[in-house]
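Inside the fold
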Amino acid sequence: EPEVTQTPSHQVTQMGQEVILRCVPISNHLYFYWYRQILGQKVEFLVSFYNNEISEKSEIFDDQFSVERPDGSNFTLKIRSTKLEDSAMYFCASSERAGVGAETQYFGPGTRLLVL
Amino acid sequence: AQKVTQAQTEISVVEKEDVTLDCVYETRDTTYYLFWYKQPPSGELVFLIRRNSFDEQNEISGRYSWNFQKSTSSFNFTITASQVVDSAVYFCALSEARLGNTPLVFGKGTRLSVIA
């Protein structure tokens, strides 16, 4: 069964460093998302992406964040200068298409980011 | 604004007991989708069900059943004859029904512990 994959599974970085989180969405999916989950808290939407551009972003997704689809398979989230409060689990998700309605989003296993 | 409330933070049951996880939502949309996701200790988010606001029929899938009550804005999830493998955090989520990307709004989750 096709699944969303994410690398790395864990990343430890120093405050102020740049990190890139990578995702490979399900191959025939067209819509991509990033969410984050601070430890013990709820899952929060960061950004959605379609047709090589951002569709929607939340207040969390400030200028420190960027997303890119550098090739036909990868979808990346970059944090330019990490802060302690960026420590969280980051989930990538994808959905198949835009029908009239919310398509199911399938999530990857997550990348646990720890900023020291 | 959309909001999902899962009032039960933690629930513990003994194996084989039935357990119901509550979800109450708020939205101004007349058409929307509701979801349940499971997050086992390994951390990934596993899709369980999607329900259209027009479809108020209850659904059963094996030991899982869902009760959607539009009149009370609730979408409750029942596990019958619970098993240790059901131990996880369960998230209810809501999204608009429109074309394009539809960010999920999650509740804070209910941690279910099933004790052998």
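Residues numbered from 1 in each chain as written. Chains lettered and ligands numbered in written order. Predicted model: local features only at pLDDT ≥ 70, side-chain atom pairs only at ≥ 80, totals over all residues. Heavy atoms only, no water.

**Things to note about the overall build of chain A**
Along chain A, the regular secondary structure elements total zero helices and eleven strands. Counting from the amino terminus, chain A carries its helices and strands in the arrangement β-β-β-β-β-β-β-β-β-β-β. For chain A, whose C-alpha radius of gyration is 13 Å, the value lies close to the compact-globule estimate of 13 Å for 116 residues. Each principal axis of the C-alpha atoms in chain A carries an extent, and together these give about 40 × 30 × 30 Å. For chain A, with 116 residues in total, the buried portion stands at 47%. Long-range contacts, defined as pairs at least 24 residues apart, comprise 54% of the intrachain contacts of chain A with a sequence gap of at least 6. (Helix = DSSP H or I, 4+ residues; strand = E, 2+ residues; numbered from the N terminus. Rg over C-alpha atoms; globule rule 2.2 N^0.38 Å. Buried < 20%, exposed > 50% of the residue type's maximum accessible area, 1.4 Å probe, protein only. Contact = heavy atoms within 4.5 Å.)

**Let's talk about the overall build of chain B**
Helix and strand counts for chain B stand at zero helices and twelve strands. Seen in sequence order, chain B has helices and strands lined up from the N terminus as β-β-β-β-β-β-β-β-β-β-β-β. The globule rule puts the C-alpha radius of gyration for 116 residues at 13 Å, and the 14 Å found for chain B is close to it. Taken along its principal axes, the extent of the C-alpha atoms in chain B is 45 × 30 × 20 Å. Burial analysis of chain B (116 residues in total) assigns 46% to the buried set. Long-range contacts, defined as pairs at least 24 residues apart, comprise 56% of the intrachain contacts of chain B with a sequence gap of at least 6. When the accessible surface of chain B is totalled, it reaches about 5600 Å², and 49% of it is carbon and sulfur. (Areas by Shrake-Rupley, 256 points an atom, 1.4 Å probe, with all protein chains shown as cover.)

**Here's the deal with the environment of Val 19 of chain B**
Residues and elements named next belong to chain B. Mapping Val 19 onto the fold places it in strand E3 (residues 19-21). Sequence separation between Val 19 and Phe 77 is 58 residues, and the spatial gap between their C-alpha atoms is 8.3 Å. In this structure, Val 19 is in contact with Ile 11, Val 13, Phe 77, Thr 78, Ile 79 and Leu 112, ignoring residues within four places of it in sequence.

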